[in-house]
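Coordinates in review
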Amino acid sequence: PLAVRHFYRRYKRYEEQFFQAIGWVLKQSWYVTTESCHSMEPALTHFEKAKEYLHHYICDEAGHYKFMEQVFQEIGLKKEDFTVGDATKWLLASHKRTATLSPLAFSAMLNIFEAAYYEGLDPISRVVKMSSKPHAAQGYDLHYKINQEHRHCDVPVVLASYLAPQSLSHALLTLCLF
């Protein structure tokens, strides 16, 4: 009994730390899904050839932050208790800037947000499902399902198909951004 109580206290402490770490990751996901549509809007003006496709994609992305809010609620955390990292803020600001500078860089940068197709589950969902609150992964699962069903992983390639041939210097500039 004493060993079991000791194990349980230790496990509980580690799980609290685990959920705090997940909460920070979740806050970054929430921020990205909250700000992504706004950061893509300049591309509607500066990437005229793909305007209709971009508009559809931006509309499809709207509201994805609600899935992250669902995870916060299911875990029992408040998003206000976590900060958005400087790197996350920089990433979204950079994405917005590429939307005005370069359709090629903008299209390439979407790969950061729309990861390649995974088999099975979202990686964060897999980890959360190993916790004492596996149901909390549902928000990630729903977000993943929509992204897969709507083939968001293909968006960068589709956008690139709207581009004219690019100069070597412009392609190198895009590569240097990454």
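Residues numbered from 1 in each chain as written. Predicted model: local features only at pLDDT ≥ 70, side-chain atom pairs only at ≥ 80, totals over all residues. Heavy atoms only, no water.

What about the pattern of salt bridges?
All chains considered together, the criterion is met by 5 salt bridges. Close ionic contact of E69 with K79 constitutes a salt bridge, the shortest N to O distance being 3.7 Å. Here the residue E69 occupies a position in helix α3 (residues 65-75), and K79 occupies one in the loop between α3 and α4 (86-101), the gap between them amounting to 10 residues. Taking relative accessible area as the criterion, E69 reaches 27% and is therefore assigned partly exposed. Between R151 and D154 there is a salt bridge, with its nearest N and O atoms 3.0 Å apart. Under the relative-accessibility criterion, R151 is labelled partly exposed at 37%. Take D154: its relative accessible area is 29%, and that puts it in the partly exposed class. Residues participating in the shared-partner salt-bridge network are E69, K79 and E80. (Salt bridge = Lys/Arg side-chain N within 4 Å of Asp/Glu carboxyl O. Helix = DSSP H or I, 4+ residues; strand = E, 2+ residues; numbered from the N terminus. Buried < 20%, exposed > 50% of the residue type's maximum accessible area, 1.4 Å probe, protein only.)

Describing the nonpolar core
Of all hydrophobic cores here, the largest spans 19 residues; its most connected members are L26, M68, F72 and I75. Those residues within four positions of M68 in sequence are excluded, and the remaining contacts are L26, S29, W30, T33, G139, Y140 and H143. Counting residues in hydrophobic clusters, the runner-up holds 16 residues, among them F47, A99, L104 and V155. (Core = buried A, V, L, I, M, F, W, Y, C linked by side-chain atoms within 4.5 Å. Contact = heavy atoms within 4.5 Å.)

A closer look at the layout of surface pockets
Taken as a whole, the largest pocket encloses approximately 590 Å³ of empty space. Lining the largest pocket are 30 residues, and of these I112, F113, D122, H143 and N147 lie nearest its centre. Mapped by element, the contributors of at least two residues to the lining of the largest pocket are α1 (2-46), α2 (51-61), α4, α5 (103-113), α6 (123-128) and α7 (138-149). The biggest single contributor to the lining of the largest pocket is α1, with 8 residues. Classifying every residue of the lining of the largest pocket gives 17 nonpolar, 10 polar and 3 charged. Mapped by element, the contributors of at least two residues to the lining of the second largest pocket are α4 and α5. Here the element with the most residues in the lining of the second largest pocket is α4; it accounts for 6 residues. Tallied by class, the residues present in the lining of the second largest pocket amount to 9 nonpolar, 3 polar and 1 charged. (1 Å grid on protein atoms, 1.4 Å probe; cavity = no way out; pocket = protein on both sides within 12 Å on 5 of 7 lines; lining within 4 Å. Points joined across faces, edges and corners; volume = space filled by probe spheres on them. Nonpolar A, V, L, I, M, F, W, Y, C, P; charged D, E, K, R; others polar.)

Quick word on the environment of H95
Positionally, H95 belongs in helix α4. Considered as a pair, H95 and V25 are 70 residues apart in the sequence and their alpha carbons are 19 Å apart. Contact partners of H95, with chain neighbours within four places excluded, come to S39, M40, F106, M109, L110 and F113.

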